[in-house]
Amino acid sequence: MQTTKFEQVNETVYNETLPNGLQVYLVPKQGFSKTYAVFTTKYGSIDSHFRTRNGEEINVPDGIAHFLEHKMFEKKDRDVMHEFSKNGASCNAFTSFNRTAYLFSCTDKLDDNLNLLLDYVQEPYFTDASVEKEKGIIGQEITMYDDNPDWKVYMNLLKAMYKDYPINIEIAGTIETISHITKENLYECYETFYHPANMLLLVVGSFEPESIMHLIRQNQSAKEFPPAPQITRLFPKEQAEPAQAKIEANLTVGLPKCMIGIKERDQGLTKEALLKRELATKLLLDIAFGTSSAVYERLYDSELITESFDFDYSSEKDYAYTIMGGDTPDPERLVETIQAEIEQLKQKGIDQDDFERAKRKKIGNFLRSLNSVEFIANQFTSFKFNENDLFTVVPTLESITREDVEKRLNEHFVVGQMAVSIVRSASQQE
Amino acid sequence: MSANITEIAFQSTQINGMNVHILPTGKFKTTTIVTMIEQALSEETVTKTALLAMVMKRASARFPETKLLRAHLDFLYGAIFDVDVTKKGERQILQIYMEVPNEKYLSQDDSLLDQAIQFVGDMLTKPYVENGAFLEKYVTQEKETLRKRVESLIDDKMKYANQRVTEEMCQGEPFSLLIQGRVKDLPAITGQELYQYFKEITTSNPINIFVVGDVNPQEVGQAIQKHVPLERSEVQALDISNSSKQVSDERKVIDRLDVNQAKLNIGCRTHITYKDDDYPALLLYNGVLGGFPHSKLFVNVREKESLAYYAVSRLESHKGIMMIMSGIDVNKYERAVEIIKQQMDSMRQGNISEEEMSQTRATLSNQFRELLDSARGMIEFTYNGLVSGRKRQLDELLKGIETATIEDVKKVAAKVDIDTIYLLRDKKGEA
């Protein structure tokens, strides 16, 4: 078991890669009552075109990773959620574009819960009848999202930004696509992506690391796994520019919703370079549009934005983009104004005081996040999947210079890379 | 390894006419300061309180411009500062939230805690005022923001349905009011009136300040003494009448909007509140019925019949209301109501297994112990004890959950009445 100390944030990480390839990370939190465990596979909604273990190239229906996540909870002779309930744990799972995570939190019986987590995720059980039954439940989940304007404006923006890359597809699929899912293709996906060598287990909270690592080793060594399959994902080549400049939809809303996306042109950054780009871009966004920026004040005073205005930068090796926006009475004017403000900012450059302040703010915010075992649990794995370490955020932030941010301003804030998504009520149509 | 239960042990004192509660703990990397000003929920004040929360966070005498105020917060290592309103039964709580990093984790040794308390003190004692009024610009803008906030309720159909059923069910009771207030009240409120109101509630309404973090209680007390020099009159407990209406007939209400999924909300009166002895049994009742994935609603509505993605019940413990919520296909409305009623009947008959009880005890205890890892959670728990008039210790509540029997839950079930069945549905089909 390796130990890494992160002095500045006073956290220690224990880790080990087991013989079957599973990576295990333990983050004990002194004085906490709760423990959170997350078992994640590097398999999400975008992984729908790949080679099977026999080298055969297949396309599976949209929404299958999410469907598989739902079906993992059902077993032949027991219900996993009920087992967790008996131990007082609350369990959950989620599927994103590039991963599927199974998790629980508990304040008692950690050993039992951890064995349960490892066992149920490593024991697929699908029948034709239970697959059919799930279609009704997921159908309602999809319908619920269809009524959610925040989700609609976001997914539509991804569709506008990405032409071929599959993050433009709904994570849960559609009622039509999930109707084609069978137990056979669930098993196919499971066997390809749920091998321990493609997975990571993280435990954060109140426990003694040695004994927990021992338990995990024992659990895993008692099981047989085939050799790790070579995973070949087949992605289409994505064009650099957005697929379309503007996309609109109608749903009942109080005020129209408007999101602006900026698609990153260059791909392929990894490790520290990827993290540094992400943090520099987030600093840039805060300096340019944060609540204490001059731009925010002007937009708010002119009633073009409300308190719902927000922004974020998502960054992965194969795709990265900024999203900003919120509720606005006049989407078209909001877009024009933001584009004009960006041009002005490029003229003026980044102010040193603004830069220093944004940096302090980010450092403080990050420290605050570390109070939350949920935050650590949710972030740690995505950092690891990109070969980075969550606890190096503070030193990486400290290493970023004003020039780094200015460079991002010029290379990322490019009008030709922007796309706009608008959702308004039919009656708000221009 | 089972976690040790530790009490949530705030040290309480009176400073400048306010109740101050301090909890020193090394668990967190930040210090949290929450100030709660209590107000009776009423038509007269609901909008003023909501608007005041928004105007307060725009400026102070020291930072008359919002941009300067926010820049100062960023400079305090991204201190989190917010003023908001929440509902607890028939109370409206104006809440000033502040959180700053502990200096220990920073290379600089700025006195962030002292500056944070000063910042909160400014909000309470030195607002930005011109000619005895809040600045017209901020008042006008925040009226507009509040109006948009109220109107955007419709964006989230789950929240919208929940507010609509509450309005229908509690007509004539303060609890029916939306916590952000009423759009129709906004035009009449002036900066002057709002400032008068600010002085009134900071002088006479109950105020509780909570501080959680790696702090020295004496130093915190001194800082509050110095930076929050409120001159308070004799503080009276508010007159909150928590009527628990008897239910004669179930009401049915249907709203229509452009939606794909129908929302079924069933509002129930439990006639039990936080302060009552059978509150722990009510928690178990709600847990067995619809609080968790092992609950009757989840198992029967979702797992057995695939009618819904979610089917849950939630308590509002200060008012004694339980809300059942589900998202369904509109054609399954009758069936969903039937199954939900069957589950409630079955609980009335005491059809509850030992396994359901032990699962619910375990998951409830887990939820309450998890509060110990969150400053906000510990403050909330303690404040619930204060406003309800029954200060329960965490251990006491956990013991209540452990010892309540099936018989106790059956007694609770006998008290629970369906008041209003609400359906938010599409515009298609017969009217």
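Residues numbered from 1 in each chain as written. Chains lettered and ligands numbered in written order. Predicted model: local features only at pLDDT ≥ 70, side-chain atom pairs only at ≥ 80, totals over all residues. Heavy atoms only, no water.

Chain B is annotated in an unreviewed UniProt entry as Peptidase from Brevibacillus choshinensis.

Chain A has the name Zinc protease in an unreviewed UniProt entry, where Brevibacillus choshinensis is given as its organism.

## A look at the overall build of chain B
Worth spelling out the cut-off: Counting from the N terminus, the helices are the DSSP runs of H or I reaching at least four residues and the strands are the DSSP runs of E reaching at least two. A radius of gyration in this sense is built from C-alpha atoms; the matching globule rule multiplies 2.2 Å by the number of residues raised to 0.38. Summary of the burial criterion: residues with accessible area below 20% of their type's maximum are buried, those above 50% are exposed, and those between are partly exposed, where the area comes from a 1.4 Å probe applied to protein chains only. Contacts: residue pairs with any heavy atoms within 4.5 Å of one another. In this count, Lys and Arg are taken as positive residues and Asp and Glu as negative ones, while His and the chain termini are left out. To locate a charge, take atom NZ for lysine, CZ for arginine, CG for aspartate or CD for glutamate.
Across its full length, chain B holds 14 helices and 13 strands. Its C-alpha radius of gyration of 23 Å places chain B within 12% of the 22 Å reference for a compact globule of 431 residues. Principal-axis analysis of the C-alpha atoms places the extent of chain B at approximately 60 × 55 × 40 Å. Out of the 431 residues belonging to chain B, those deemed buried represent 61%. At a minimum sequence separation of 6, the contacts of chain B that also span at least 24 residues come to 82%. Of the side-chain charges in chain B, 55 are positive and 62 negative, and the distance between the mean point of each set is 2 Å.

## Observations concerning the packing of aromatic side chains
Using the following cut-off: Pairing of aromatic rings covers Phe, Tyr and Trp, the last through its six-membered ring, and needs centres within 6.5 Å; plane angles under 30 degrees mean stacked, over 60 mean edge-to-face, and all others mean tilted. For a lysine, the NZ atom is tested; for an arginine, the CZ atom; a charge sits over a ring if that atom is within 6 Å of the ring centre and within 35 degrees of the ring normal.
This model, assessed by the stated rule, comprises 37 aromatic pairs over all chains. An angle of 45 degrees between the planes, with centres 6.3 Å apart, marks the rings of Phe73(A) and Tyr102(A) as tilted. Here Phe73(A) is found in the loop between α1 (64–71) and α2 (80–86), whereas its partner Tyr102(A) is found in strand β8 (residues 100–106), with 29 residues between them in sequence. Judged by its relative accessible area of 9%, Phe73(A) falls in the buried class. Put simply, the rings of Tyr43(A), Phe50(A), Phe73(A), Phe84(A), Tyr102(A), Phe104(A), Tyr120(A), Tyr190(A), Phe193(A) and Tyr194(A) touch in pairs and so form one group of aromatic residues. When the ring centre of Tyr97(B) is taken as origin, the NZ or CZ atom of Arg376(B), which lies over that ring, is 4.0 Å away. It is Arg392(B) that lies over the ring of Tyr274(B); its NZ or CZ is 5.3 Å from the centre.

## Here's the deal with the interface of chain B and chain A
Our working rule: Here, a salt bridge means any side-chain nitrogen of Lys or Arg that lies within 4 Å of a carboxyl oxygen of Asp or Glu. N or O atoms within 3.5 Å of each other form a polar contact, as long as, within protein, one can give a hydrogen and the other can take it, and as long as residues adjacent in sequence are counted only when both atoms are side-chain atoms. Classification convention: Asp, Glu, Lys, Arg as charged; Ala, Val, Leu, Ile, Met, Phe, Trp, Tyr, Cys, Pro as nonpolar; all other residues, Gly among them, as polar.
Listed as interface residues are 65 residues of chain B and, on the opposing side, 66 residues of chain A. At the junction of chain B and chain A, the tally comes to eight salt bridges. Salt-bridge contacts for Glu11(A) lead to Lys29(B); the nearest nitrogen and oxygen are separated by 2.4 Å. Summed over the shared surface of chain B and chain A, the result is 31 residue pairs in polar contact (both at pLDDT 80 or more). Those elements that provide at least two residues to the side of chain B that touches chain A are α2 (66–75), β5 (91–101), α4 (136–151), α5 (157–169), α9 (296–304), β11 (308–316), β12 (321–328) and α11 (354–370) of chain B. Here the side of chain B that touches chain A gets eight residues from one element, more than from any other, and that element is α4(B). Residue composition of the side of chain B that touches chain A, by class: 25 nonpolar, 15 polar and 25 charged.

## Comments concerning the pairing of strand β2 (residues 18–24) of chain B
Residues and elements named next belong to chain B. Let me state the cut-off plainly: Only strands joined by at least two bridges in the DSSP assignment are considered to pair.
Among the seven residues that make up β2, five are buried, leaving the element largely enclosed by the rest of the structure. Across five bridges, strand β1 (residues 11–15) lies against β2 in antiparallel orientation. Bridge assignment links Gln14 to a residue of β2, and that residue is Asn19. Sheet analysis places β2 next to strand β8 (residues 207–213), joined by six bridges and oriented parallel. Bridging from a neighbouring strand, Asn19 pairs with Asn208 of β8.

## Here's the deal with the sheet that holds strand β6 (residues 57–59) of chain A
Residues and elements named next belong to chain A. To be explicit about the condition: Orientation is described by lines fitted to C-alpha atoms, with helices fitted over the stretch in contact, and by angles between N-to-C directions that extend from 0 to 180 degrees.
The strand order across the open sheet formed by three strands is β6-β5-β10, and the pairing between neighbours is antiparallel. Strands with a single pairing partner mark the edges of an open sheet, and in this sheet they are β6 and β10 (232–233). With two bridges joining them, strand β5 (residues 49–51) and β10 adopt antiparallel strand pairing. Within β10, the position partnered with Arg51 by the bridge is Thr232. Lying on the sheet, helix α7 (residues 183–193) is in contact with β5, β6 and β10; it crosses β5 at an angle near 65 degrees.

## Section: helix α12 (residues 375–388) of chain B
All names here are of chain B. Using the following cut-off: Expected span of a helix: the number of residues minus one, times 1.5 Å.
Relative to the 20 Å expected for 14 residues at 1.5 Å per residue, α12 spans 20 Å between its end C-alpha atoms, a close match to the ideal helical length. When you tally the buried positions in α12, you get eleven out of 14 residues, the bulk of the element. Phi turns positive, to about 85 degrees, at Gly389, one or two residues after α12.

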